[in-house]
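# Inside the fold
The residues making up each chain are set out below.
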Amino acid sequence: MDPMEQMASGGPVPKDFNAEQAENMEDVEKQFAVKVVQHMGTYWSILEKVKGSSLRLTKMDQDIYDHLMETFPDFDPAATINEDEMKSKAGKDKWRPFMMAYEKKIEDFNFGTMLRNSPKVEYEEDNTIFVPRMQFYAIEIARNRHGLNDWIYEKAQKESSK
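Presented here is a report on the structure given in the accompanying data block. Since the model is a prediction, treat every value here as computed from it, not as a measurement. (Residues numbered from 1 in each chain as written. Predicted model: local features only at pLDDT ≥ 70, side-chain atom pairs only at ≥ 80, totals over all residues. Heavy atoms only, no water.)

### A word on the environment of Tyr 102
Note the cut-off: Only DSSP runs of H or I covering at least 4 residues are called helices, and only runs of E covering at least 2 are called strands; the numbering of each starts at the N terminus. We call two residues contacting when some pair of their heavy atoms lies within 4.5 Å.
Mapped onto the elements, Tyr 102 comes out in the loop between α5 (89-100) and β1 (112-116). The contacts of Tyr 102, once residues within four sequence positions are left out, are Met 60, Asp 63, Ile 64, His 67, Phe 109 and Met 134.

### Structural notes on the pairing of β1
Keep this limit in mind: Remark: exposure states derive from per-residue accessible area (1.4 Å probe, protein chains only) relative to the maximum for the residue type, with buried under 20%, exposed over 50%, and partly exposed in between. A pair of strands is labelled paired if DSSP reports no fewer than 2 bridges between them.
Buried residues dominate β1, accounting for five of its five residues. Where β1 lies against strand β2 (residues 128-132), five bridges are found, and the strand directions are antiparallel. Its bridge partner being in β2, Thr 113 is matched across the sheet by Val 131.

### Some details on the packing of aromatic side chains
Heads up, the condition is: A pair of Phe, Tyr and Trp rings is counted when the ring centres sit within 6.5 Å of each other, with Trp represented by its six-membered ring. The angle between the planes then sorts it: under 30 degrees is stacked, over 60 is edge-to-face, the rest tilted. Lysine NZ or arginine CZ positioned within 6 Å of the ring centre and within 35 degrees of the ring normal marks a charge as sitting over the ring.
This structure, assessed with the given rule, holds eight aromatic pairs. Where Trp 44 meets Tyr 123, the ring centres are 5.9 Å apart and the plane angle is 70°; that geometry is what we call edge-to-face. Of this pair, Trp 44 sits in helix α2 (residues 26-49) while Tyr 123 sits in the loop between β1 and β2; the two residues are 79 residues apart in sequence, bridging distant segments of the chain. Aromatic side chains Phe 72 and Phe 98 sit 6.1 Å apart centroid to centroid with 65° between the ring planes, which places their arrangement in the edge-to-face category. Of the two residues, Phe 72 sits in the loop between α3 (61-71) and α4 (83-86) while Phe 98 sits in helix α5, which places them 26 residues apart along the sequence. By the burial criterion, Phe 72 is buried, and Phe 98 matches it. Each residue in the set Phe 72, Trp 95, Phe 98 and Tyr 102 is aromatic and connected to the rest through ring pairs, giving one cluster. Note that Arg 145 overlies the ring of Tyr 65, its terminal NZ or CZ placed 5.6 Å from the centroid.

### Let's talk about the packing of α3 against α5
Spelled out, the test is: Note on geometry: axes are C-alpha line fits, over the in-contact stretch for helices, and angles between N-to-C directions span 0 to 180 degrees. Roughly parallel means an angle under 35 degrees; roughly antiparallel, over 145; roughly perpendicular, 65 to 115; everything else is oblique. Take the far helix as the reference: if the near one is turned anticlockwise from it by less than a right angle, the crossing is left-handed, and if turned clockwise, right-handed. Any residue that is not Ala, Val, Leu, Ile, Met, Phe, Trp, Tyr, Cys, Pro, Asp, Glu, Lys or Arg is counted as polar, Gly included; the first ten are nonpolar and the last four charged.
α5 packs onto α3 with a crossing angle of 155° between their chain directions and a minimal axis gap of 11 Å. Between α3 and α5, the crossing angle belongs to the class labelled roughly antiparallel. The element α3 and its partner α5 pack so that their crossing is right-handed. Contact with α3, carried on its side by Ile 64, His 67, Leu 68 and Thr 71, involves Lys 94, Trp 95 and Phe 98 of α5 and no other residues of that element. Looking at the contact of α3 with α5, its residues break down into four nonpolar, two polar and one charged.

### Brief notes about the side chain of Arg 116
What counts is decided by this rule: A 3.5 Å cut-off defines polar contacts: any pair of N or O atoms within that distance qualifies, except that in protein one atom must be a possible hydrogen donor and the other a possible acceptor, and neighbouring residues in sequence count only when both atoms are side-chain atoms.
By the secondary structure assignment, Arg 116 is in strand β1. There is a polar contact of 3.3 Å between the side chain of Arg 116 and the backbone oxygen of Pro 119. Other than its neighbours up to four places away in sequence, Arg 116 contacts Trp 44, Leu 47, Ile 81, Val 121, Glu 122, Tyr 123, Asn 127, Glu 140, Arg 143, Asn 149, Trp 151 and Ile 152.

### Some words on the environment of Met 60
Residue placement: Met 60 occurs in the loop between α2 and α3. Under the relative-accessibility criterion, Met 60 is labelled buried at 18%. Separated by 45 residues in the primary sequence, Met 60 and Lys 105 place their C-alpha atoms 8.8 Å from one another. Among residues more than four places away in sequence, those in contact with Met 60 are Tyr 102, Lys 105 and Ile 106.

### With respect to the side chain of Asn 127
Tracing the backbone through its elements, the reader meets Asn 127 in the loop between β1 and β2. A polar contact is formed between the side chain of Asn 127 and the backbone oxygen of Glu 122, at a distance of 3.0 Å. The contacts of Asn 127, once residues within four sequence positions are left out, are Leu 115, Arg 116, Asn 117, Val 121 and Glu 122.

### Some words on the nonpolar core
Selection rule: By convention a nonpolar core is built from buried Ala, Val, Leu, Ile, Met, Phe, Trp, Tyr and Cys residues, the set being connected through side-chain atoms within 4.5 Å.
Residues Ile 64, Leu 68, Trp 95, Phe 98, Ile 106 and Met 134 are the most contacted members of the largest nonpolar core, which totals 34 residues. Going through the elements one at a time, α2, α3, α5, β1, β2 and α6 (133-145) are the ones with two or more residues in this core. The dominant element in this core, judged by the number of residues it contributes, is α6, at seven residues. Apart from the residues within four sequence positions on either side, Met 134 is in contact with Ile 64, Phe 98, Met 99, Tyr 102, Ile 106 and Phe 109.

As far as function goes, none of this settles anything; it's purely spatial.
Structure follows, in structure tokens:
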């Protein structure tokens, strides 16, 4: 079976698979996009039902938060993320070792995920960044720890009581 077809059918990534030489298959890309959007919607739904400040995203939230703050001491979870800075060579050089520390600890640590560039806004096309899941976890854990996503719960509760 072709490696792309094997992965599209839910199989594991073959050991000899080279992503740089792989052909894109439209069905795989569509399935990937569906998973990304489902994750985004699921996370938002959870934030509407549970205050972010009391939410745990992984079994390692505290370790991830501590590691984030140690690696990025100037990181402000309330600030708007500069996507160009994050994805620059310098940004990637700093984020890559951070993320690789979780390769065998967090499932799908490098799976693509959507992240809001600011905790003050809902997911919209112009404020959403495509990032590896580990970046999403690190940033959202920090936002939740600081109560920056609690407004989503409060807004949903207010709307449901009308």
